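Chain by chain, the residues run as shown.
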Amino acid sequence: GDAFSVDAPVDGKPSLTDVHILKVVRCPHYGWLSELCLRPLTGRYHQLRMHCAEVLGAPIVNDDPPLFAAAASAWQRRHGRPMPPHVRRGKGNLFLQAVEVGVPAMEGITNGQVVRVEVSERFAALLQQSQGAWERGWRRADGTCCTEAVPADGEVAATAASDGSQVENNAVQLQATASSTNS
């Protein structure tokens, strides 16, 4: 899929995140759900969550209500309508997972290590559940969030992502899921 970078400050400090769109499926609540690979090139507190919400207008699925609400203005700019209400999916856990972490070599301490785990099956399950519900005709009652338009290249819908990251010389790969519609 498409790739791009988000270069936007977090808490007044420069912050850069590489984004790779892995998969996009239909979502009855938000219109689209995207699986992303996120790679933070700087290591700011909540950087990935803030870049998804505040810059992309696509908060990570099950993110905290304040961060979800922070996506409202970016959502409004992209879609020309208010963001749908916050909805908890699955068991309510945040759909963000580190799948690879690397520690650089440090003289006299370590030769460097990389630890990698498989992406949790809950990401694929959420994408499959969302697409299946859409195909069965499920939609929000008010119908305001769902569109028939296909996302434009490079445009993020909701977020469910596998994420590769570099944080202050420590490699971190994450899996995340966020929510957003496309108009």
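Quick caveat, the model's predicted, so the values are computed rather than measured.

(A) Inspection of the pattern of salt bridges at higher detail. Scanning the model with the defined rule gives three salt bridges in all. Ionic pairing is found between Asp 64 and Arg 49, a salt bridge with its closest N-O pair at 3.0 Å. Highlighted residues: Asp 64 in the loop between helix H1 (47-55) and helix H2 (65-70) and Arg 49 in helix H1, separated in sequence by 15 residues. The class for Arg 49 is buried, based on a relative accessible area of 11%. Measuring nitrogen to oxygen at the nearest pair gives 3.7 Å for the salt bridge that ties Glu 100 to Arg 116. With a gap of 16 residues between them, Glu 100 in strand S4 (residues 96-103) and Arg 116 in strand S5 (residues 113-116) connect regions that are remote in the sequence. Arg 116 sits in the partly exposed class, given a relative accessible area of 46%. Linked by salt bridges that have partners in common, Arg 49, Asp 63 and Asp 64 make up one network.

Criteria and thresholds
Per-chain numbering applies: the sequence of each chain, read as written, is numbered from 1 onward. Local features in a predicted model are, by the rule used here, given only for residues with pLDDT of at least 70; side-chain atom pairs are given and counted only at 80 or more, and totals for whole chains, interfaces and linings are based on all residues. Side-chain numbers come from the whole structure's heavy atoms, not from hydrogens or water. In the sections that follow, a salt bridge refers to a side-chain nitrogen of Lys or Arg positioned within 4 Å of a carboxyl oxygen of Asp or Glu. A run of DSSP states H or I qualifies as a helix once it reaches four residues; a run of E qualifies as a strand once it reaches two. Both are numbered from the N-terminal end. Only protein chains enter the accessibility calculation, which uses a 1.4 Å probe; a residue is then buried when its area is under 20% of its type maximum, exposed when over 50%, and partly exposed in between.

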